[in-house]
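Residue-level structure breakdown
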Amino acid sequence: MATGRVDYVAPWWTYWLHNFPHFNSVFQSIDNTFKPEAASYQQSLIFLACVGAVGLGLSLLVLAVYLVCMCCCCREIDEDTKRPETCCVTWATIITGLIICSAVGVGFYGNSETNDGVYQLTYSLYSANHTLGGINNLVAGSVGNVETGLKQHLERLDEIFATRSDYLQSLRFMQLMLNNIIHELAALPDINKANVDVATIADQTAFIEYYRWLTYLLLLILDLVICLAMCLGMAKQSRWLLITIMAFVVLSLILSWASLGAGTAAAVGTSDFCVSPDKFIVNQTKDFLSADVAHYYLFCSPNLRNPFQQSLTICQRSLTTMQIQIQGLLQFSVPFFPTAERDLLGIQRLLNSTEFSVHQLTALLDCRGLHKDYVDALMGVCYDGVEGLLYLSLFSLLAACALSAMLCAVIRVWTLMGSRDKEYDDIDEEDPFNPQARRISYNPRRSNIHSFCSYTSSLGSQASLHPPPQSASNAIPPPEYMNQSMLFGGSPRYENAPLIGRGSPPPSYSPSMRTTYLSMTDAQIRHFGTDFQV
């Protein structure tokens, strides 16, 4: 028993998961032995799956507390505090997005590892199924050849050699050998049921794994799309986009906690199997395989005797003896009974094919082939499979926590957008510095006005200053900032490009700037109109 564990040793994480507490529906501790057919064991796995439901409840509770605190602490946000709070929300969103992206990377790795482990399991199961099918076909074919073909030839030879008692004695001896072969082949275990069970398990496992892999892939893509949409929603400040994001965040949050519960239950259940797989397989195959046969293939130790070796040896010796008898009859009886040659040659061909089948059966019944498939299946499930489930559980946990924080950030962005719209609604429409009022009071007939200062800040100073006469030769060209308004079609809304978006009154101008303005030539005054005439 101890030497068999050299090929397969359960990894440490399976023992860690195996030691998780197992409780039934009435919160009683039960044995953690892998018993999938037991109701109490199924209840323990369901109890572990409820971890996801508990996490979802905690997330919703934290979200409710956050909403209550935000409503109770709601206050008007002035200009000094709005910008730092917006920056804080932005950084919180960026951090949650990075955590989600990191979790998605972990999830892709875990999904790939789990898929590789399950693929190795199904491949080993199909390989074992092929071996078991070959054994079944060889046994059935050998028994069929012996019972039908050889018996018919022996019956005809019995009629041909009816007058020769010595030849009849040889036929009786071959009949005895034939019965020995049939008896030993019938003593081999009936593996038809095992063949069907292995094929069914492989098919069901491959079917479930495909949809599991596809579900996790869609969940990973959904989390990435949520991160991209969140960035776009904050950039565009779109309410409808934020509503859509919140809906998908809630959906992904529910799916993440559900996947965490399912992954935890699957990892613990698989670990319970991986810690002691031999015991479970022996119990499952006790109806059609003896304990000696099961241990021979599960451990494949040199100290264990092949349970089929004696039967195979008897078959091989019986076939060899029958070959010797047929050779003697071909040599001595054919000259006297030419009609017996056809049946003797037919028996020889059947003996050759049966002997070849017995050699193949000996190779297939050796424990090394099936034991290799068994170890490969365990390595795939207990190493790659359980490891991948752990990474997927980590992804689900990180994604669920980050999505909860992102949902809070989205709600805060929503409130900040509402505060900003409320501030714009409170602005007086008659305020001359209100951009909205400027658009309303815009007169198309004055679209050609090009100035760099507002009427309210410059008309008074223009009335007190008189421009000195200037000649055309020494006229100073207008500065570049005076011509910036021409880029915007002369609209009063864009009086000066540096003032766009500042929401502040026009600055006071220095005496040199006034002198530059008053030193305009008559041609420039005719170009800009008479709006600034004193």
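Read on for a plain summary of the structure.

Calculation criteria
- Every chain begins its residue count from 1, and numbering advances along the sequence as written.
- Reporting of local features is limited, given that this is a predicted model, to residues whose pLDDT is at least 70; pairs of side-chain atoms are given and counted only at 80 or more, and all residues count toward the totals for whole chains, interfaces and linings.
- Excluding hydrogens and water, the side-chain figures rest on all heavy atoms present in the structure.
- Only DSSP runs of H or I reaching four residues or more are called helices, and only runs of E reaching two or more are called strands; each is numbered from the N terminus.
- We call a residue buried when its accessible area falls under 20% of the maximum for its residue type, exposed when it is over 50%, and partly exposed in between, using a 1.4 Å probe and counting protein chains only.
- Residue contacts follow a heavy-atom distance rule, with two residues in contact if any of their heavy atoms lie within 4.5 Å.
- Residue exposure ignores everything except the shown protein chains as possible cover, and the areas themselves are Shrake-Rupley values with a 1.4 Å probe.
- Axes, fitted as lines to C-alpha atoms, cover a helix only where it is in contact. Angles between the N-to-C directions of the axes lie from 0 to 180 degrees.
- To sort the angles, those under 35 degrees are grouped as roughly parallel, those over 145 as roughly antiparallel, those from 65 to 115 as roughly perpendicular, and the leftovers as oblique.
- Each crossing gets its hand from how the near helix is turned against the far one by less than a right angle, where anticlockwise is left-handed and clockwise is right-handed.
- Three classes are used, and their members are as follows: Ala, Val, Leu, Ile, Met, Phe, Trp, Tyr, Cys and Pro are nonpolar, Asp, Glu, Lys and Arg are charged, and the others, Gly among them, are polar.
- Cysteine sulfur atoms are paired as a disulfide whenever they fall within 2.5 Å.
- For patches, a residue must show more than 30% relative accessible area and have no salt bridge; joins then use 9 Å for like charges and 5 Å for nonpolar side chains, namely Val, Leu, Ile, Met, Phe, Trp and Tyr.
- Salt-bridge detection follows one rule: a side-chain nitrogen of Lys or Arg within 4 Å of a carboxyl oxygen of Asp or Glu.
- Any two rings among Phe, Tyr and Trp, with Trp reduced to its six-membered ring, count as a pair given centres within 6.5 Å; such a pair is stacked if its planes are under 30 degrees apart, edge-to-face if over 60, and tilted if neither.
- Whether a charge sits over a ring depends on NZ of Lys or CZ of Arg being within 6 Å of the ring centre and within 35 degrees of the ring normal.
- A helix is expected to span 1.5 Å for every residue after the first.
- Residue types Ala, Val, Leu, Ile, Met, Phe, Trp, Tyr and Cys, when buried and joined through side-chain atoms within 4.5 Å, form a set referred to as a nonpolar core.

Check the secondary structure of the protein and you find 15 helices and zero strands. A burial count over the protein gives 40% of its 534 residues as buried. Contacts in the protein between residues at least 24 apart in sequence constitute 82% of all its contacts with a sequence separation of at least 6. By element, 63% of the accessible surface of the protein is carried by carbon and sulfur atoms, the whole surface being about 29,700 Å².

This paragraph deals with the packing of helix 9 (residues 309–332) against helix 10 (residues 340–364). The interhelical angle for the contact between helix 9 and helix 10, taken along N-to-C directions, is 160°, at an axis separation of 10 Å. As the angle between them shows, helix 9 and helix 10 are arranged roughly antiparallel. In the packing of helix 9 onto helix 10, the handedness of the crossing is left-handed. Here the residues of the contact of helix 9 with helix 10 are counted per class, giving 12 nonpolar, nine polar and two charged.

This part takes up the state of the cysteines. Summed over the entire model, instances satisfying the criterion amount to two disulfides. Between the sulfur atoms of cysteine 274 and its disulfide partner cysteine 382 the distance amounts to 1.9 Å. Sign of the S-S torsion, about -90° for the bond between cysteine 274 and cysteine 382, identifies this disulfide as left-handed. Of the two residues, cysteine 274 sits in helix 6 (residues 239–275) while cysteine 382 sits in helix 11 (residues 367–425), which places them 108 residues apart along the sequence. A sulfur-sulfur separation of 2.1 Å characterises the disulfide bridge that pairs cysteine 300 with cysteine 367.

With that settled, consider a nonpolar patch on the surface. Nonpolar side chains collect at one region of the surface, where Trp91, Ile94, Ile95, Leu98, Ile99, Tyr109, Tyr391, Leu394 and Leu398 lie side by side and expose about 810 Å² of accessible area between them. For the nonpolar patch, the secondary-structure elements that each account for two or more residues are helix 3 (79–160) and helix 11. At six residues, the largest contribution of residues to the nonpolar patch is made by helix 3. For tyrosine 391, the location among the structural elements is in helix 11.

With that settled, the discussion passes to the packing of aromatic side chains. Geometrically, a pair of aromatic rings is defined through the distance of the ring centres and the angle of the planes. For the structure on display, the rule yields 18 aromatic pairs. On the basis of an interplanar angle of 80° and a centroid distance of 6.2 Å, the ring pair of tyrosine 167 and phenylalanine 337 is categorised as edge-to-face. Here tyrosine 167 is found in helix 4 (residues 165–187), whereas its partner phenylalanine 337 is found in the loop between helix 9 and helix 10, with 170 residues between them in sequence. Taken individually, tyrosine 167 and phenylalanine 337 each receive the classification buried, so the pair is uniform in this respect. Every member of this aromatic cluster is reached through a ring pair, and the members are Phe34, Tyr41, Phe273 and Phe280. When the ring centre of tyrosine 167 is taken as reference, the NZ or CZ atom of arginine 164 above it lies at 4.4 Å.

By the secondary structure assignment, isoleucine 94 is in helix 3. When its relative accessible area of 38% is taken as the criterion, isoleucine 94 is described as partly exposed. Once the C-alpha coordinates of isoleucine 94 and alanine 409 are considered, the two residues, 315 residues apart in sequence, prove to be 10.0 Å apart.

The subject of this paragraph is the environment of threonine 205. With respect to the helices and strands, threonine 205 occurs in helix 5 (residues 192–236). Apart from residues no more than four positions distant in its own chain, threonine 205 is found in contact with Val118, Leu121 and Thr122.

Mapped onto the elements of the fold, glutamine 348 is located in helix 10. Those residues within four positions of glutamine 348 in sequence are excluded, and the remaining contacts are Gln323, Ile326, Gln327 and Leu330.

With 24 residues, helix 9 should reach 34 Å at 1.5 Å per residue; the first-to-last C-alpha distance of 35 Å fits that figure. Looking only at helix 9, the buried set comprises Ser311, Leu312, Cys315, Gln316, Ser318, Leu319, Met322, Gln323, Ile326, Leu329 and Leu330.

A few words on unusual backbone geometry. The backbone of phenylalanine 27 sits at a positive phi, close to 60°, despite the residue not being glycine. Inspection of the secondary structure puts phenylalanine 27 in the loop between helix 1 (12–18) and helix 2 (39–72). Overall, the relative accessible area of 60% leaves phenylalanine 27 in the exposed class. Positive phi is not limited to glycine here, since cysteine 300 has a value of about 50°. Among the structural elements, cysteine 300 can be located in the loop between helix 8 (291–299) and helix 9.

Membership of the largest hydrophobic core comes to 68 residues, with the highest contact counts inside it found for Leu150, Phe161, Leu171, Tyr297, Leu344, Leu361 and Leu365. Contacts of leucine 361, omitting those with residues within four sequence positions, involve Ile135, Leu138, Val139, Leu185, Leu188 and Leu312.

Turning next to the packing of helix 4 against helix 9. The description of two packed helices rests on the angle between their axes and on the distance between the axes. With their axes 9 Å apart at the nearest point, helix 4 and helix 9 run at an angle of 155° to one another. The angle between helix 4 and helix 9 falls in the class roughly antiparallel. At the point where helix 4 passes helix 9, the crossing takes the left-handed sense. Between helix 4 and helix 9, the residues in contact are Tyr167, Ser170, Leu171, Phe173, Met174, Met177, Leu178, Asn180, Ile181, Glu184, Leu185 and Ala187 and Ser311, Ile314, Cys315, Ser318, Leu319, Thr321, Met322, Gln325, Ile326, Leu329 and Phe332, respectively. Here the residues of the contact of helix 4 with helix 9 sort into 16 nonpolar, six polar and one charged.

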